[in-house]
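So the chains spell out like this:
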Amino acid sequence: MTLTSLTISGARDKLQSGEFSSEELIKEHISTVEKCKNLNAFITSTPEIALDLARKSDARRARGETLGGMDGIPIGIKDLFCTEGVLTTAASHILDGFIPPYESTVSGNLRSGGAVMIGKTNMDEFAMGSANITSHYGPVKNPWYLNDGKDRVPGGSSGGSASAVAANLCLGAAASDTGGSIRQPASFCGIVGMKPTYGRCSRWGMVAFSSSLDQAGPLTKTVRDASIMLQSMVSHDPKDSTSSPEVIPNFEAAITGDIRGLKVGIPEEYRISEMSPEIDKLWSKGVELLKSAGAEIVDVSLPHTKYALPTYYIIAPAEASSNLARYDGVRYGLRVDGSDLNDMYEATRGEGFGKEVKRRIMIGTYVLSAGYYDAYYLKAQKVRSLIIQDFNDIFDRVDVLLTPTTPFAAFPIGEKMDDPVQMYINDIFTVPASMAGLPSLSLPGGLSDEGLPLGLQLITKAFDEETLFQCGDILEKQINFSHQAPYIEEIGS
Amino acid sequence: MSYFISGEKEDWEVVIGLEVHAQVVSDSKLFSDASTEFGAKPNTQVSLVDSAMPGMLPVINKVCIKQAVRTGLGLNSKINLHSVFERKNYFYPDLPQGYQISQYLQPIVGEGIVTLEMSGEIREIGVERLHLEQDAGKSIHDQDPRNTLIDLNRAGVALMEIVSKPDLRSPQEAGAYMRKLRAIMRYLGTCDGNMEEGSLRCDANVSVRPKSTSELRTRAEIKNINSVRFVEDAIEYEAKRQVDIYDSGGTVNQETRLYDSDKGETRSMRSKEEAHDYRYFPDPDLLPIDLSTEFVDEIRKGLPELPDAKKLRFVGEMGLSEGDAEILVSEKEIADYFEDLSVGRDPKLSANWVIHELFARLKKDDLNIDNSPVKADRLGSLLDLIEDKTITNQIATSVLETMWTSAEDPVAIVEKKGLQQITDTGQIDSAVEKVILENTDQVSQYKDGNEKVLGWLVGQVMKTTQGKADAKSVNEILRKKMDSG
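What counts, and at which threshold
- Residues numbered from 1 in each chain as written.
- Chains lettered and ligands numbered in written order.
- Predicted model: local features only at pLDDT ≥ 70, side-chain atom pairs only at ≥ 80, totals over all residues.
- Heavy atoms only, no water.
- Helix = DSSP H or I, 4+ residues; strand = E, 2+ residues; numbered from the N terminus.
- Buried < 20%, exposed > 50% of the residue type's maximum accessible area, 1.4 Å probe, protein only.
- Lys, Arg positive; Asp, Glu negative; His and termini not counted.
- Salt bridge = Lys/Arg side-chain N within 4 Å of Asp/Glu carboxyl O.
- Contact = heavy atoms within 4.5 Å.
- Pairing = 2+ DSSP bridges.
- Axes fitted to C-alpha atoms, helices over the stretch in contact; angles between N-to-C directions.
- Domains from an automatic or database assignment.
- Polar contact = N/O pair within 3.5 Å; in protein donor to acceptor, adjacent residues only side chain to side chain.
- Nonpolar A, V, L, I, M, F, W, Y, C, P; charged D, E, K, R; others polar.
- Phe/Tyr/Trp six-rings, centres within 6.5 Å; stacked < 30°, edge-to-face > 60°.

(A) Just the side chain of Arg61(A), in detail. Residues and elements named next belong to chain A. Relative to the helices and strands, Arg61 resides in helix H3 (residues 47-62). Here Arg61 is buried and forms no salt bridge, its nearest opposite-charge partner Asp71 lying at an N-O distance of 4.8 Å. Those residues within four positions of Arg61 in sequence are excluded, and the remaining contacts are Leu15, Gln16, Thr66 and Asp71.

(B) View of the sheet that holds strand E15 (residues 281-282) of chain B. If you trace the three strands from one edge of the open sheet to the other, you get E5-E4-E15 (chain B), paired in antiparallel fashion. Taken across any chain shown, the strands that pair with only one partner, and hence form the sheet edges, are strand E5 (99-103) and E15 of chain B. Across the face of the sheet, helix H9 (residues 308-323) of chain A comes into contact with strand E4 (85-89), E5 and E15 of chain B while running at roughly 65 degrees to E4(B).

(C) Fine view of the domain arrangement of chain B. Domain annotation for chain B reports domain 1 (4-297), domain 2 (305-417) and domain 3 (425-484). Here domain 1 of chain B and domain 3 of chain B have C-alpha centroids that lie 63 Å from each other.

(D) Inspection of the interface of chain A and chain B at higher detail. With 39 residues of chain A at the contact, the number on the chain B side is 29 residues. Linking chain A to chain B there are one salt bridge. Inspection of the region where chain A meets chain B yields 16 residue pairs in polar contact (both at pLDDT 80 or more). Elements represented by at least two residues in the side of chain A that touches chain B include exactly H9, helix H10 (341-352) and helix H11 (355-368) of chain A. The dominant element in the side of chain A that touches chain B, judged by the number of residues it contributes, is H9(A), at five residues. Looking at the side of chain A that touches chain B residue by residue, the class counts come to 21 nonpolar, ten polar and eight charged.

(E) Inspection of the packing of aromatic side chains at higher detail. Residue and element names in this part refer to chain A. Counted under the stated rule, the structure contains 26 aromatic pairs over all chains. Taking 6.2 Å as the distance between ring centres and 50 degrees as the angle between the ring planes, the aromatic pair formed by Trp144 and Phe481 counts as tilted. With Trp144 in the loop between strand E3 (116-121) and helix H5 (159-166) and Phe481 in the loop between helix H15 (465-479) and helix H16 (486-491), the pair connects residues that are 337 residues apart, well separated along the chain. On the basis of relative accessible area, Trp144 is assigned to the buried category, the value being 3%. Ring geometry for Tyr372 versus Tyr376: centroids 6.5 Å apart, planes at 40 degrees, classification tilted. Residue Tyr372 is classed as partly exposed on the basis of its relative accessible area of 36%. Site record: aromatic cluster; members linked through ring pairs are Phe98, Phe126, Tyr327, Tyr332 and Phe353.

(F) Representation of the pattern of salt bridges within the structure. Residues and elements named next belong to chain B. Scanning the entire structure with this criterion turns up 65 salt bridges over all chains. One salt bridge connects Lys310 with Glu339, and the closest N-O pair in it is separated by 2.5 Å. Residue Lys310 is located in helix H5 (residues 307-316), and its partner Glu339 is located in helix H7 (residues 332-342); the two are separated by 29 residues in the primary sequence. Taking relative accessible area as the criterion, Lys310 reaches 6% and is therefore assigned buried.

Here is the structure:
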């Protein structure tokens, strides 16, 4: 077994028993990152910083002072977390050369927990996308492929993070999820992706896409790893007014190995026409497995589900159109000179933003405009309340929901590019939980008929991440997904 | 006192509403911990939040919430227990976020009333609302030939925007309203009212209508006026301009105008067609403000006595005239000075000395009451000397002059200079006799019935006694001696 094929919990135990040092672990991962550059999973590698942190971790351990489960563990950080002294781009041309003089709360928490950042992972520009094809730094490749010679997308927007974890470039990655940006790429790359309750992770220092939806979370190889990594990311942060003061439990301790009597809801509205039959099959298999583990299966209805996606594509762009106004060429990042102020704005933003970002800024600007606000933004907020109410009603009756994560498997790079609506369908199963701010986790459910990974999604009520981990762990064991990305064998990572 | 502009065919009434921007007294900004101190070097009071660095988030400064509620209560306004911050979106280099965080549909303070007294007539001016918002930075266009420079020290500083109803009917009323708001906020300690430093600015919405009609006509908004006098001047100019337009058969455009105080005129800035669509929406980075009634009651309990109540007390309990009371309450510092002074002393004498002697002396040196070299306790010692008849009023004036440049106690000054009042009537008698003997012409004029000359003769006696005689006694003695002699 190579060091890169370990899990976080496995590496944690072996670091503790002294089987290898963090420096060895980090070196192995740094050289793998070097070897796997063609995945384009990282925008910036930080090997020197990583080695320094690893040595410090080893020194701590030698003194008998570890900082917790993440101490000495190599991770990727999605390039929208501001990292002090390290280029932070949000994969946008407009943040050219931006080196923050501050550290985001989430990446800072991870660092305080001893985690070792080995680089900043690629992503869709400003987290807008479901295939990691909108990055200014080029598309990311999925380490999963078929024998058709076509590269697959890793999903998005956290495509670089998911690809990196799936290809063994790091043991986990800190990513962010607005409408599915952690869970959908986890599904496409055959790994675990977890979005906690809105407010669990501070948004301070995270480049904003849609403030009422953005939430950080981990991408890992196992459910247990997700619980360990999330523990190190969350905190109540007075610098973020929407950060929750809710008590933070021990997430890993929630993994009890027993879900007997747990009520699992199966929402009928998730059975949509765009979904392939193999997804349906996978879903049914998941239901059977949970039942055999002692869970009680309950058919439920979330009647407003079908409005979640269109509503999301009003609220998220509306907030984004305002959040992205600060990228004006005046204070940092790219500036393209113009003949006057407006000309400079237009030239800078015209050149600095990619097509998808511009599209969303335009949609967002439109739905907030005088005369359209009531019909779009206000209506969308009302629908959002109904969606939240749906979930509230359901969680009186069940403990957790099981759904597919995506309606289809990873598609080749270059496909679904012309029709943004087709692209938006990617998020159809992940968006409802985002709209309601609920914790949700995607784990590998199996392979498609062609041989690409497909994910299953679990959703619980707000601040009940424990049930998510408890149930996710059981499902993971029952499914026993043991496939590896073909890329790993090919490259030997 | 009604104010009308005579047009060609009829008289016109002016309708004015003011939007006053008052900087909140707080150590740090509305959503960041950067200092609000005035006059610092450019861009030295700017946090990561103020400069809108990526990923930065606003966190409400609770002091500003308290100050807004306090002001609302001082304006007899409804406090909205639930209010919401929204984003007002527009691009400008001194607005780093690309939006101003403000309140729109749900402001923290609702309707209220400000009472004005215009030449004895009570006018109640409606307050529409008060909301909290961020100030912008400053664009400096005249320091570099090619570039505009930006100073973000002000960016994010808390402002209260106080919107009046269109209840004001003359430039003077608008000025009085501004002064009243300023006084109330200074009493409350919620805005320092310093117009030179930009702590208090206003936009004036002005329209005119024929005296006989009651419909509102198209208004123009004059932006960013930074003194009470300019408010009055700008409105007066603008109202006349609009009357001229109507008289010549034209129509007034709804537009934003600027007041040029050098030329004394308003100029068009942008028309309604060029107006921004601000795309307001609730700021998702901030939670709504939900106040408890206990919180508001606590603030209410801590309110100081405000000018209107103070004036009532000055008139009712102290027996001051309406006019004197009005002057004394117009500024918190004046009222404080007067109240310190009048403790245990005759309120009328105290009021007189503040309003006449002290103000005149301050004016001469271009000083304010809070930097007066003679504090209330020292002036009080001087008034005590008048009250116990140690010195005359006239002498007291000259003692004040000495006190102005000397730290010496008035008692010591009086003693050193021997300025005690002459109470010995024999001394006054001889002075009077001397004056009668030396001015026989004037004495016979008096005897012929010319009463006016008496004052002149009193003056002569005062002169010979170096002002130390009591003028009233001199008067009596003179009269008696001439009438009998």
